[in-house]
Amino acid sequence: MQKPLMAVLIASAFFSLNAQAADLIQVYQQALANDAAFASARAALAAGMERVPQGRSTLLPTVGLNGSIVKNDGESTPWNIGQTVTRPDGGKTLVTTGGANERTTTHTLSLTQPLFRWANWQTYQQSKLQQAQAEAQFAQAQQDLITRVSQAYFDVLAAQDTLELSRAQKTATTEQLASAKRNFEVGTQTITDTHEAQAAYDLVVAQEFAAINDLENKRSALQAIIGSAPTGLATLKPGVLLAAPEPAVIDPWVASAETQNYGVVGAQLGYELSKREIERTRAGHYPTLDLTANISRQNVTGQTQQSGRSDNKGIGIAYNVPIFNGFAVTSRVRETIALEDKARNDLEATRRNAANVARQAFLGVNSGLAQVRALQAAEVSGNSALESNKLGYQVGVRINIDVLNAQRQLYSTRRDLSRARYDTILNGLRLKSAAGSLREADLVPVNDLLVK
């Protein structure tokens, strides 16, 4: 039952590879449309773009219209009720219960224009920094998406290479096992050779199962980014040549990371925000001055002596001078000063981390290029060693375990070579990301390394 199960698993793992292969640019376009983390960053940017209009609004006039409609029903009993009194025209009137049916309508249009509010001015300046911070965070999210997609893409390719090499090693080990069994049957070799070949075969079968599982895991990780099961992916061209970083010295990359890295830019803006926050908090000690204007109209109707309409217009200056507030403002100022110190240290930590990432990525690219060259030479040597061991085994100067070890070494070298190529490409992208210069266009030369 082992062989049919293996066939099913391999067919499942490679079913999509028969479809049209998608390259890195196509996968990235899928991620742009479907990645949830990037969609969240895009929404955060849209929200951040509203900071400036909100901050500016505190400097602009506010206009409001308010009013009321009140109806009053009243009744009174005069002291001379039941008596006859003389009217001004000489006539007589019997005094009865008094009453009123009054309706009062009031409308007021008011305007307030801040003339001096230091806290509002600082809020406006902060809003511009907050918008710039949102833009920097979105730019960082774009770079993160490029590196995440590339990492997931090449992880799938590396898992595919591992599985293919496991299958190739399994085929070679199967042939070696069959040869050992034939030689044992004719008496030219001992049972030890057969057992060694069988052990090597069992090991490579276990490795194949592990490679199939790893491939599915890597495909699932890519699916989480692009939102759907990935189709077959375009692979690297055979013998592809990788370019060294330009410039080829580390100092410009580190300098760029310390100033242009979007994490550093965001931390720098956060530090500027903290300084503005100190000024905004100190404004709690300062007086405020506003220009006020209003127009009101009141209309009274009903059986009352106050019936009629009255209009009123007013304009003036309103001020407020804080005198004592229980030391609350003083305490908040001390708090914001401490937060400014925290923001300054966060900025320094972010700058150092960006420089360190740039150094590691630069060294990773250069060491990766050297490793690729060394593994290419090792692959040639390993292939020659395998052929020599096979020939020696046929003529009786080598034993079965020598051939198996040479096979294992060659396939291990090929796996390490493919992984070294992928890591070198990814370190190149990480280097540009650390320097703040990674763009979508940087995927084009990487995509050109793939088989179309």
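Whatever comes next refers back to the structure up there.
Residues numbered from 1 in each chain as written. Predicted model: local features only at pLDDT ≥ 70, side-chain atom pairs only at ≥ 80, totals over all residues. Heavy atoms only, no water.

**Let's talk about the nonpolar core**
- Ranked by internal contacts, the top residues of the largest apolar core, which has 41 residues, are Leu24, Val27, Val149, Tyr153 and Phe154.
- Where this core is concerned, the elements lending two or more residues are helix H2 (24-34), helix H3 (36-48), helix H5 (118-186), helix H6 (191-226), helix H10 (400-434) and helix H11 (443-447).
- It is H5 that provides the largest number of residues to this core, a total of 14 residues.
- Residues contacting leucine 24, with those up to four places away along its chain left out, are Val149, Ser150, Tyr153, Phe154, Leu443, Val446, Asn447 and Leu450.
- The next biggest cluster of nonpolar side chains, apart from the first, holds 14 residues, and it includes Ala257, Tyr271, Ala361 and Ala435. (Core = buried A, V, L, I, M, F, W, Y, C linked by side-chain atoms within 4.5 Å. Buried < 20%, exposed > 50% of the residue type's maximum accessible area, 1.4 Å probe, protein only. Helix = DSSP H or I, 4+ residues; strand = E, 2+ residues; numbered from the N terminus. Contact = heavy atoms within 4.5 Å.)

**A word on the packing of aromatic side chains**
- In the structure shown here, the tally under the stated rule is five aromatic pairs.
- Between tyrosine 153 and phenylalanine 154 the ring centres are 5.4 Å apart and the planes differ by 75°, which places this aromatic pair in the edge-to-face class.
- The exposure class assigned to phenylalanine 154 is buried, which follows from its relative accessible area of 0%.
- Among the aromatic residues, those joined into a ring-pair cluster are Tyr153, Phe154 and Tyr422. (Phe/Tyr/Trp six-rings, centres within 6.5 Å; stacked < 30°, edge-to-face > 60°.)

**What to know about the side chain of aspartate 155**
- When you line up the elements, aspartate 155 lands in helix H5.
- Beyond its immediate chain neighbours, meaning those up to four positions away, aspartate 155 contacts Lys218 and Arg419.

**Quick word on H2**
- For H2, the complete set of buried residues consists of Leu24, Val27, Tyr28 and Ala31. All buried residues of H2 fall inside an arc of 100° around its axis, so they share one side.
- On its buried face, H2 sits against H5, H6 and H11.
- Where H2 begins, the side chain of aspartate 23 points an oxygen toward the backbone nitrogen of isoleucine 25, at a separation of 3.3 Å. (Arc of directions from axis to C-beta. Polar contact = N/O pair within 3.5 Å; in protein donor to acceptor, adjacent residues only side chain to side chain.)

**Some thoughts on the packing of H5 against helix H8 (residues 262-282)**
- Direction vectors running N to C along H5 and H8 enclose 165°, while the axes themselves pass 9 Å from each other. Classified by the angle their axes make, H5 and H8 are roughly antiparallel. For the element pair H5 and H8, the recorded crossing hand is left-handed.
- Residue composition of the contact of H5 with H8, grouped by class: 10 nonpolar, 11 polar and five charged. (Axes fitted to C-alpha atoms, helices over the stretch in contact; angles between N-to-C directions. Parallel < 35°, antiparallel > 145°, perpendicular 65-115°, else oblique. Left-handed = near helix turned anticlockwise from the far one by under 90°. Nonpolar A, V, L, I, M, F, W, Y, C, P; charged D, E, K, R; others polar.)

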